[in-house]
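Chain residues, written in single-letter form:
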Amino acid sequence: MSQTIKMQLNGLNCGSCVGRAEKALSEVEGVSVVAVNLANANATVIYDAPANPAALTEALDAAGYPATLDQVVLDVEGLNCGSCVGRVERALEGAEGVSEVAVSLASETATVKYVNGATTPQILAGVSTQAGYKAKPRIDATVSTERKSAEAEALSRRVLVAGILTLPVFIMEMGSHFVPGMHHLIAQTIGLQTSWLIQFVLVTLVLAWPGRIFFERGIPALLKGAPDMNALVAIGTLAAWSFSTIATFVPSLLPEGTRAVYYEAAAVIVTLILLGRWLEARAKGRTGEAIRKLVGLQPKTAMVEIEGDAREVPIDEISVGQIVRVRPGERVALDGTVVRGSSFVDESMITGEPVPVEKVEGQTVTGGTVNGAGAFSFRVTKTGEDTMLSQIIRMVEDAQGAKLPIQDLVNRITMYFVPAVLVIAAVTIGMWLIFGPDPALSFALVAGVAVLIVACPCAMGLATPTSIMVGTGRAAEMGVLFRKGDALQALQDVSVVAFDKTGTLTEGRPALTTFEVVDHDADAVLQKVASVESHSEHPIAQAIVRAAKEKGLSIAAPQKFKTLTGFGIEAGVGESEVLIGADRLMVKHGIDLGALSNLAEEIASNGETPLYAAIDGKLAALIGVSDPVKEATPATIAALHRMGKQVAMITGDNAATAKVIAKRVGIDHVVAEVLPDGKVRAINALRDEHGKIAFVGDGINDAPALAASDVGIAIGTGTDVAIESADVVLMSGSIGGVVNAFEISRRTMRNIRENLFWAFAYNTALIPVAAGVLYVFGGPLLSPMLAAGAMALSSVFVLSNALRLGWVPKVEAAG
């Protein structure tokens, strides 16, 4: 049956754009009708298989008119194991307009990317609900936290009720194993049949009241042919209860010698699994601690200047441009620029750095940070979802909801695991009935129920997402943001860490240290050079301008300013044409460097960056600028070496200067004098020779390199373009965060492997034990109650192990 999809497109500017977009869509196999509307930038497509939304969006991307993708986070109820995750993912992936789905068992969320206009969050929530997992779009992290708290509280009540009802049953049936004469006492007082009747009533209440959730979720899943762990528990407890009920009321239906009751097994299984889920819910709540801390940073109100007075206004009602007053000890409400006053502000919750930062007029402040003893006022520049804090929360949530490559394997296994367990349980029952000793039916029931209960794959499903949540949350507290969660795994495969030089390895605030002129007045040349550089934002340009201003020289407005990417700049100042750049720019214009080339080599050997200035086609000056190496640089590179990583420096700077700095700080590979696209080629060359590569940079010209590397790491104090191109962002601006990123990655992946080993080893070892292998060799037969306890314990172990990541210390060697 044909399907229709509406898509919002980007980049449609004219009729020819419409034609190209329609052509791209029409060429997708299965598309029958395409209509692109320029006025509203919409495309309506009618298609059949094999066409799908993903293929349509790929075609539009290739044509240069990408479809707008929206993202929604759904809070999903009833996620209990990896097989549940797989079913929700398959249901959502099949929904119209969906391009990507990541379901997290730990956070009980589904992050869905979908084509704008093709569907809505409400429709997607309905798809999950129809699949048996009730969902609703998330409003904010606070709502999610409240929901989890309510869920944990409801589970605690279920555990309490189940425990109260189960205790008498356990005492009556199992007491004789612990208290001599208990069985005889019951028989002589209330009688065995009365004891069974009491157990029947209490256990029926347990199953119908606190244990009802297993049947409400498990039976429909079983009928749909998609059994989950609830189905395993429902079948196991129902089998034990049904057998016991028949033995109590119509024993004649059972073979001779098989009359026995297993009420206590059904009740204790439900109680223990509910206890395990309650402990899981509490632990899951702790895995989202980082998000809750971040959400709690933003105050609810702020003092806003209105008509000369300061009034307390809710945050949501404050708009860009308003003036907000910050008193001593208060949290800064929103992002802005200081217009009055000064103070020291604690930015540790954003950057991970404990030292307060001085804020004076003209400097920026970030919402959520804590003011010190001073007072100041700032003009609001960003509100709502645009603030730094909101963006950080969104990044952390995206990373926590990410699905690592390793999780795909786990999900594939757990999808088939539950059906396989049902088959194993059936085979176990059959083998006991055929080869087991009398009473064979009782043995078969015990072994079959034990297999069903012990094999619930909860621990498998929790192994990866819980570690990701806690690991990325701890990283955020250190000032390391994983914009893409899969970077956690990718960092482990990195062999080479390549750094940009200026502003990354160095302070990015150079000083003019050499200024040698040829046949010109030094001040006149400096005035013209500084006038041209005044239109550049490059740190070297700013150093030259500062030097001119310090000498009291006037800065003129240049004409015809032009950036020569990778070479330098040119502009007119007064009647003169000025060229400023590296030696290659002078060579390109046929300007003889003369004796200054020797001086350039000399200052480069001292770590200065040599530049040349030419006026009206003739060499005028040699400029030497020195940019000091950051204090954290040597320690960071040493720490990376201890981790077994090679370190490279890729820079557009002079080769001699770059080699001096590289030797000073211990860098292994140097690639110098490269243009922005040359950085990409350098990254590819290093990758071909040494393996996967991470690139660390902070400038606009670093964006291509960040995107081309296997893992892009942006300095958070850099440009927005660089940050948007990166996989990891260091909010503190210190390259020491690179080491912490690798350390968090290493610890998290090790934690995931520990969890997966425990989960898989547990199931592999205990399924045969539950089936009765040890009994064949004279050992015990695993009780369903012990199986339920072991199953709950495995999940709690995995969660507890993941929570250890919350205490990962900063790597002090990072500087």
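What you see as residue numbers is a count from 1 along each chain, following the sequence as written. Residue-level local features of this predicted model are given only where pLDDT is at least 70; pairs of side-chain atoms are given and counted only at 80 or more, and the full residue set underlies all totals for whole chains, interfaces and linings. No hydrogens and no water enter the side-chain calculation; it runs on all heavy atoms of the structure.

Engineer: Lay out the overall build of the chain with the relevant residues and their values.
Structural biologist: Only DSSP runs of H or I with at least four residues qualify as helices, and only runs of E with at least two residues qualify as strands; both kinds are numbered from the N terminus onward. Helix and strand counts for the chain stand at 30 helices and 28 strands. Looking at the chain residue by residue over its 815 residues, the buried ones come to 52%. Of the accessible surface of the chain, which amounts to about 34,500 Å², a share of 57% is contributed by carbon and sulfur atoms. Exposure categories follow from relative accessible area, calculated using a 1.4 Å probe and restricted to protein chains: below 20% of the type maximum is buried, above 50% is exposed, and the middle band is partly exposed. Residue exposure ignores everything except the shown protein chains as possible cover, and the areas themselves are Shrake-Rupley values with a 1.4 Å probe.

Engineer: Please give an account of the packing of aromatic side chains that cites residues and values.
Structural biologist: Aromatic rings in a pair are described by how distant their centres are and how their planes are angled relative to each other. Note on ring pairs: Phe, Tyr and Trp rings are taken, using the six-membered ring of Trp, and paired if centres are within 6.5 Å. Classes follow the plane angle, with under 30 degrees stacked, over 60 edge-to-face and the rest tilted. Within the structure shown, the criterion is met by 8 aromatic pairs. Each ring, one from Phe443 and one from Tyr775, has its centre 5.4 Å from the other, and the planes form 45 degrees; the classification is tilted. Placement of the pair is Phe443 in helix H15 (residues 440-454) and Tyr775 in helix H29 (residues 773-776), with a sequence separation of 332 residues. One aromatic cluster is present, formed by Phe200, Trp241, Phe249 and Tyr263 through successive ring pairs. A ring is scored as having a charge over it whenever the NZ atom of a lysine or the CZ atom of an arginine sits within 6 Å of its centre and within 35 degrees of its normal. The lysine or arginine in question, Arg584, covers the ring of Phe567, its NZ or CZ lying 5.9 Å from the ring centre. Here the basic side chain of Lys588 rests over the ring of Phe567, its NZ or CZ set 4.6 Å away from the ring centre.

Engineer: Please provide a residue-by-residue account of the pattern of salt bridges, values included.
Structural biologist: Any Lys or Arg side-chain nitrogen located within 4 Å of an Asp or Glu carboxyl oxygen qualifies as a salt bridge. Under the defined criterion, the tally for this structure stands at 16 salt bridges. The closest approach of N and O atoms between Lys359 and Glu347, which form a salt bridge, is 3.0 Å. Of this pair, Lys359 sits in strand S12 (residues 357-359) while Glu347 sits in the loop between strand S11 (335-346) and helix H12 (348-351); the two residues are 12 residues apart in sequence, bridging distant segments of the chain. For the pair formed by Lys359 and Glu347, the shared burial category is buried.

Engineer: For a nonpolar patch on the surface, give the residues involved together with the corresponding values.
Structural biologist: Each patch groups residues whose relative accessible area exceeds 30% and which form no salt bridge, using 9 Å between like charges and 5 Å between nonpolar side chains of Val, Leu, Ile, Met, Phe, Trp and Tyr. A cluster of nonpolar side chains, Val423, Val427, Ile429, Met431, Leu433, Ile434 and Phe435, forms an exposed patch at the surface whose accessible area comes to about 690 Å². Looking at the secondary structure, you find Val427 in helix H14 (residues 405-435). Val427 sits in the partly exposed class, given a relative accessible area of 47%.

Engineer: Before we move on, can you summarise the UniProt feature "transmembrane region" (unreviewed entry) in the chain with the specific residues and values?
Structural biologist: UniProt positions are given in the numbering used here, feature names are shortened, and annotations may be inferred rather than shown by experiment. Using the residue numbers shown here, the UniProt feature "transmembrane region" (unreviewed entry) corresponds to residues 159-179, 185-210, 231-254, 260-279, 413-435, 441-464, 756-778 and 784-803. A distance of 31 Å separates the end C-alpha atoms of residues 185-210, which is 81% helix and 0% strand. Counted over residues 260-279, helix gives 85% and strand 0%. Its end C-alpha atoms are 33 Å apart.

Engineer: Break down the packing of helix H19 (residues 522-533) against helix H20 (residues 539-550) for me, with residues and values.
Structural biologist: For any two helices packed against each other, the geometry comes down to the angle between their axes and how far apart the axes lie. Angles here are taken between N-to-C directions and fall from 0 to 180 degrees, while the axes themselves are lines fitted to C-alpha atoms, restricted in helices to the stretch in contact. For the pair H19 and H20, the least separation of the axes is 9 Å and the interaxial angle reads 135 degrees. One way to sum up the angle between H19 and H20 is to call them oblique. Between H19 and H20 lies a crossing of left-handed hand. Across from Leu526, Val529, Ala530 and Glu533 in H19, the residues of H20 making contact are Ala541, Ile544, Val545 and Ala548. Looking at the contact of H19 with H20, its residues break down into 7 nonpolar, no polar and 1 charged. Every angle not falling under 35 degrees, over 145, or within 65 to 115 is termed oblique; those three ranges are roughly parallel, roughly antiparallel and roughly perpendicular. The crossing is said to be left-handed when, going from far helix to near helix, the turn is anticlockwise and less than a right angle, and right-handed when the turn is clockwise. Note on definitions: a residue-residue contact is assigned when non-hydrogen atoms from the two residues lie within 4.5 Å. In this classification, Asp, Glu, Lys and Arg are treated as charged, Ala, Val, Leu, Ile, Met, Phe, Trp, Tyr, Cys and Pro as nonpolar, and every other residue, Gly included, as polar.

Engineer: Lay out the sheet that holds strand S4 (residues 69-76) in plain terms, naming residues and giving numbers.
Structural biologist: Judged by pairing direction, the sheet is antiparallel, and its 4 strands sit side by side in the order S5-S6-S4-S7 without closing on themselves. With one partner strand each, in any of the chains shown, strand S5 (98-104) and strand S7 (135-137) form the two edges of the open sheet. Pairwise comparison of adjacent strand axes, ignoring direction, gives a mean angle of 25 degrees for this sheet. In this scheme, strands are said to pair when DSSP sees at least two bridges between them. Strand direction decides the pairing type here: S4 and S7, joined by 3 bridges, are antiparallel. Opposite Asp75, over in S7, you have Lys136 as the bridge partner. Across the sheet, helix H3 (residues 82-93) touches S4, S5 and strand S6 (109-115), and the angle it forms with S5 is around 165 degrees.

Engineer: Break down the nonpolar core for me, citing the residues and quoting the values.
Structural biologist: Formed by 130 residues in total, the largest nonpolar core has its most connected members in Leu74 and Phe482. Top contributing element to this core by residue count: helix H28 (residues 736-771), with 13 residues. When near neighbours in sequence (up to four residues on either side) are disregarded, Leu74 contacts Leu92, Glu108, Thr109, Ala110, Val112, Pro121, Leu124, Ala125, Ala135, Lys136, Pro137 and Arg138. For our purposes a nonpolar core is just a set of buried Ala, Val, Leu, Ile, Met, Phe, Trp, Tyr and Cys residues, chained together by side-chain atoms within 4.5 Å. If you look at the next biggest cluster of nonpolar residues, it comprises 22 residues, including Ile569, Ala571, Val573 and Ala621.

Engineer: Lay out the sheet that holds strand S21 (residues 576-581) in plain terms, naming residues and giving numbers.
Structural biologist: Sheet architecture is open: 6 strands sit in the order S18-S23-S22-S21-S20-S19, paired in antiparallel fashion. Strands with a single pairing partner mark the edges of an open sheet, and in this sheet they are strand S18 (511-517) and strand S19 (559-564). Each adjacent strand pair in this sheet contributes to an overall mean axis angle of 20 degrees, direction not counted. Direction of pairing for S19 relative to strand S20 (residues 568-573): antiparallel, over a ladder of 4 bridges. Note on S20: the bridge partner recorded for Lys562 is Glu570. Each of S18, strand S22 (609-615) and strand S23 (618-626) is contacted by helix H22 (residues 596-605), which is oriented at about 5 degrees to S23, the strand it contacts most.

Engineer: So, the environment of Thr204: which residues are in play, and what are the values?
Structural biologist: Structurally, Thr204 is set in helix H7 (residues 192-208). What makes Thr204 partly exposed here is its relative accessible area of 25%. Taking the C-alpha atoms as reference points, Thr204 and Ala267, 63 residues apart in sequence, are found 8.6 Å from one another.

Engineer: I'd like a rundown of the side chain of Asp500, residues and numbers included.
Structural biologist: The residue Asp500 is located in the loop between strand S17 (496-499) and helix H18 (501-505) in this model. Here a polar contact means two N or O atoms within 3.5 Å. Within protein one must be a hydrogen donor candidate and the other an acceptor candidate, and residues neighboring in sequence count only if both atoms are side-chain atoms. Polar side-chain contacts of Asp500 include one of 3.1 Å to the side chain of Lys679. When residues no more than four places from it in sequence are discounted, the contact partners of Asp500 are Leu505, Ile650, Lys679, Phe695, Val696, Gly697, Asp698 and Asp702.

Engineer: Please provide a residue-by-residue account of the environment of Glu673, values included.
Structural biologist: For Glu673, the position within the fold is in the loop between strand S25 (669-671) and helix H25 (676-690). Residue class for Glu673 comes out partly exposed when judged on its relative accessible area of 34%. Once the C-alpha coordinates of Glu673 and Gly566 are considered, the two residues, 107 residues apart in sequence, prove to be 8.3 Å apart. The residues contacting Glu673, other than those within four sequence positions of it, are Arg584, Thr651, Gly652, Asp653, Asn654 and Ala655.

Engineer: Please set out H3 residue by residue, giving values where relevant.
Structural biologist: In this model H3 runs 16 Å from its N-terminal to its C-terminal C-alpha over 12 residues, within 8% of the 16 Å that 1.5 Å per residue would give. Along H3, 9 of the 12 residues are buried, which leaves the element largely enclosed by surrounding structure. Taken together, the buried positions of H3 are occupied by Gly82, Ser83, Cys84, Val85, Gly86, Arg87, Val88, Glu89 and Leu92. In this analysis, the expected span of each helix is defined as 1.5 Å times one less than the number of residues it contains.

Engineer: Provide a residue-level description of the pairing of strand S27 (residues 711-715), including the pertinent values.
Structural biologist: The element S27 is largely enclosed, with a buried count of 5 among its 5 residues. Of the two faces of S27, the one carrying Val711, Ile713 and Ile715 and the one carrying Gly712 and Ala714 are both buried. Where strand S26 (residues 693-697) meets S27, 4 bridges bridge the pair, whose relative direction is parallel. Note on S27: the bridge partner recorded for Phe695 is Gly712. When S27 meets strand S28 (residues 728-730), the two strands line up parallel, connected through 3 bridges.

Engineer: Residue-level account of helix H2 (residues 53-63), with values.
Structural biologist: What sets the pattern is the α-helix's 3.6 residues per turn: residues three or four places apart point alike. Within H2, the full set of buried residues consists of Pro53, Leu56, Thr57, Ala59 and Leu60. The buried residues of H2 occupy one face: seen down the axis, they fall within an arc of 160 degrees. Those residues of H2 that are exposed and aimed more than 90 degrees away from the buried face are Glu58 and Ala62. A distance of 2.7 Å separates the backbone nitrogen of Ala55 from a side-chain oxygen at the start of H2, and that oxygen is part of Asn52. Just past H2, the residue Gly64 takes up positive phi, approximately 90 degrees. The arc under discussion is defined with respect to the helix axis, by the directions toward the C-beta atoms.

Engineer: Talk me through the pairing of S17; I want residue IDs and the actual numbers.
Structural biologist: Burial along S17 is two-sided: the residues Val496 and Ala498 and Val497 and Phe499 are all buried. By the bridge criterion, 4 bridges tie S17 to S26 in an arrangement that is parallel. Paired with Phe499 across the two strands is Val696, which belongs to S26.

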